[in-house]
Amino acid sequence: MSMESGPLSGDEFGDFASKVVLYLNVTSHVKTDADQDLLGAKGGSGFPYLVFLAADGKILAKHNYPRPRTADGFGETLEEAEAAVALRAKAAGGDADAVREVFGQDLEYGNLTAKEATAAVAGMKNLAAEDKARYDGLIANLEFREIMAGINKKAEELGDALTPDAIKGLQADAGKQFIAMWTAKRIPSGEQERRTFYVFLGIGGEAEKDSAALEASIEEMKTWPSNPNLAKRIAEAEAALKALGTK
Amino acid sequence: MTKTVLPALALSILSALTATAGPSQEELIKKRDKKLGEAWVTKQPWFTDYAKAKAEAAKSGKIIFTYFSRSYSP
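As the structure is a computational prediction, the values presented were derived from the model and not from experiment.

*Asks:* Just checking my understanding: could you explain the overall build of chain B for this structure?
*Replies:* Within chain B, the regular secondary structure consists of four helices and one strand. When the helices and strands of chain B are read in sequence order from the N terminus, they spell out α-α-α-α-β. Taking all 74 residues of chain B together, the buried fraction comes to 31%. About 4200 Å² of surface is accessible on chain B, with carbon and sulfur atoms providing 59% of the total.

Now the structure itself:
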């Protein structure tokens, strides 16, 4: 990868490296290698992916575009991570505003489980409606990721038995769980999460013969920018809806 | 930027299918070891053990710079 022959090889990186603990996680698909699911657990879905972590593993900052992948750019994100550490110290000291801000960061970064986050919000007094709505969307993102992590784990466990039919079964399994979320109005607020959610909602709707879920999936997909894969999926979903005897 | 409908997380299920049908474990181990032997890795004190990296961070008070890469394909 160009980062490895570029920014991570330069002398400037050495200066930056002295300020941090360097941890390299390599997805190898070697069955005996540890932490092969850490990328997903830390919110990554592709390579390269860079995050700054506290000693307890919580995400303090993510290095994202448009910040450059250079030693200077890493230094800027390190400053952001250091500010997060200071904020957590303030929260630990009882500062109410800092506690709220840390909670918001933990939700954004997936440092909490959906269950932990739901319990925390339930205990918050005088929560503004706007904040509650924002938290609900972020908690739905966590719930979504937990469901997908479970599905991905089942896929890995199947190994050679992961056939196209098995994949469809797993997608329907996720979709069934998303139907429960959608029925309870727990909709993810993240763009990537929301798109997967609605696609699988439709797949779950087909499997469960739930025309309302299938219709909701189609309605949502029709609002996205068109592309051939999307058009194909919408056509499949509409055919399935017709077969259910609705429309 | 247009995003494909089939999302990254769903693709991870499909890539698992590809991985099991592809290189052998021996080949994957060779690729991993080649990656870990590259100059950019050996030049700096990279931890490759997550637990040890966290322990070092706790001891030193430093933040962990975590870089995710792959070895199973370029």
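*Asks:* Hey, could you run me through the pattern of salt bridges in this one?
*Replies:* Think of it this way: side chains of opposite charge can pair up when their charged atoms draw near. Under the criterion given, the structure shown has 17 salt bridges over all chains. With a shortest N-O distance of 3.9 Å, A:Asp11 and B:Lys43 are connected by a salt bridge. Within this pair, whereas A:Asp11 is found in helix H2 (residues 11-17), its partner B:Lys43 is found in the loop between helix H3 (39-42) and helix H4 (50-60), the two belonging to separate chains. On the basis of relative accessible area, B:Lys43 is assigned to the partly exposed category, the value being 44%. Bridged by salt links that share partners, the residues A:Asp33, B:Arg32 and B:Asp33 form one connected network.

*Asks:* What should I look at first to understand the nonpolar core in this one?
*Replies:* In a soluble, globular protein the nonpolar side chains are often hidden away together inside. Core analysis: the largest hydrophobic core is formed by 39 residues, its most contacted members being A:Leu8, A:Phe13, A:Phe16, B:Trp46, B:Phe65 and B:Tyr67. Counting residues in hydrophobic clusters, the runner-up holds 32 residues, among them A:Phe144, A:Val199, A:Leu201 and A:Leu230.

*Asks:* How should I be thinking about the environment of A:Asp136 in this particular structure?
*Replies:* Mapped onto the secondary structure, A:Asp136 falls in helix H7 (residues 129-158). Here A:Asp136 falls in the partly exposed class, since its relative accessible area comes to 35%.

*Asks:* For this particular structure, what's the right way to read the interface of chain B and chain A?
*Replies:* How big an interface is tends to be reported as the loss of accessible area on association of its parts. Taken residue by residue, the interface counts 49 residues in chain B and 70 residues in chain A. Between chain B and chain A the total buried area reaches about 5600 Å² when both faces are included, carbon and sulfur atoms providing 67% of it. Put simply, chain B and chain A have three salt bridges between them. Taking the shortest distance from any N to any O, the salt bridge between B:Lys35 and A:Glu4 comes out at 2.7 Å. For the pair chain B and chain A, the number of links is 21 residue pairs in polar contact (both at pLDDT 80 or more). Elements with a contribution of two residues or more to the side of chain B that touches chain A: helix H1 (8-21), helix H2 (25-36), H3, H4 and strand S1 (64-70) of chain B. Ranked by residue count, the leading element in the side of chain B that touches chain A is H1(B), at 10 residues.

*Asks:* For this particular structure, what's the right way to read the sheet that holds S1(B)?
*Replies:* Within a beta sheet, neighbouring strands are joined by backbone hydrogen bonds and run either parallel or antiparallel to one another. The strand order across the open sheet built from four strands is S1(A)-S1(B)-S2(A)-S3(A), with neighbouring strands paired in mixed fashion. Since the sheet does not close on itself, it has two edges, and those belong to strand S1 (21-27) and strand S3 (59-62) of chain A, each with one partner. Taking each pair of neighbouring strands and ignoring which way they run, the sheet shows an average axis angle of 30 degrees. Examined bridge by bridge, strand S2 (residues 49-53) of chain A and S1(B) share five bridges and lie antiparallel to one another.

*Asks:* Can you help me understand the packing of helix H8 (residues 164-183) of chain A against helix H9 (residues 191-208) of chain A in this one?
*Replies:* Think of two packed helices as two axes; the pair is described by the angle between the axes and how far apart they sit. Residue and element names in this part refer to chain A. Contact pair H8 / H9: the axes reach a minimum separation of 7 Å and the direction vectors enclose 100 degrees. Regarding the angle of H8 to H9, the classification is roughly perpendicular. On H9, the residues that touch Gln171, Ala172, Ala174, Gly175, Lys176, Phe178, Ile179, Met181 and Trp182 of H8 are Phe197, Tyr198, Phe200, Leu201, Ile203, Gly204, Gly205, Ala207 and Glu208. For the contact of H8 with H9, a count of residues per class yields 12 nonpolar, four polar and two charged.

*Asks:* I tried to follow the domain arrangement of chain A on my own but got confused; where do I start?
*Replies:* If you check the domain split of chain A, you get domain 1 (1-93) and domain 2 (147-247). When each unit is reduced to the centre of its C-alpha atoms, the spacing between domain 1 of chain A and domain 2 of chain A is 32 Å.

About the cut-offs
Residues numbered from 1 in each chain as written. Chains lettered and ligands numbered in written order. Predicted model: local features only at pLDDT ≥ 70, side-chain atom pairs only at ≥ 80, totals over all residues. Heavy atoms only, no water. Helix = DSSP H or I, 4+ residues; strand = E, 2+ residues; numbered from the N terminus. Buried < 20%, exposed > 50% of the residue type's maximum accessible area, 1.4 Å probe, protein only. Areas by Shrake-Rupley, 256 points an atom, 1.4 Å probe, with all protein chains shown as cover. Salt bridge = Lys/Arg side-chain N within 4 Å of Asp/Glu carboxyl O. Core = buried A, V, L, I, M, F, W, Y, C linked by side-chain atoms within 4.5 Å. Contact = heavy atoms within 4.5 Å. Buried area = accessible area lost by both parts, 1.4 Å probe. Polar contact = N/O pair within 3.5 Å; in protein donor to acceptor, adjacent residues only side chain to side chain. Pairing = 2+ DSSP bridges. Axes fitted to C-alpha atoms, helices over the stretch in contact; angles between N-to-C directions. Parallel < 35°, antiparallel > 145°, perpendicular 65-115°, else oblique. Nonpolar A, V, L, I, M, F, W, Y, C, P; charged D, E, K, R; others polar. Domains from an automatic or database assignment.

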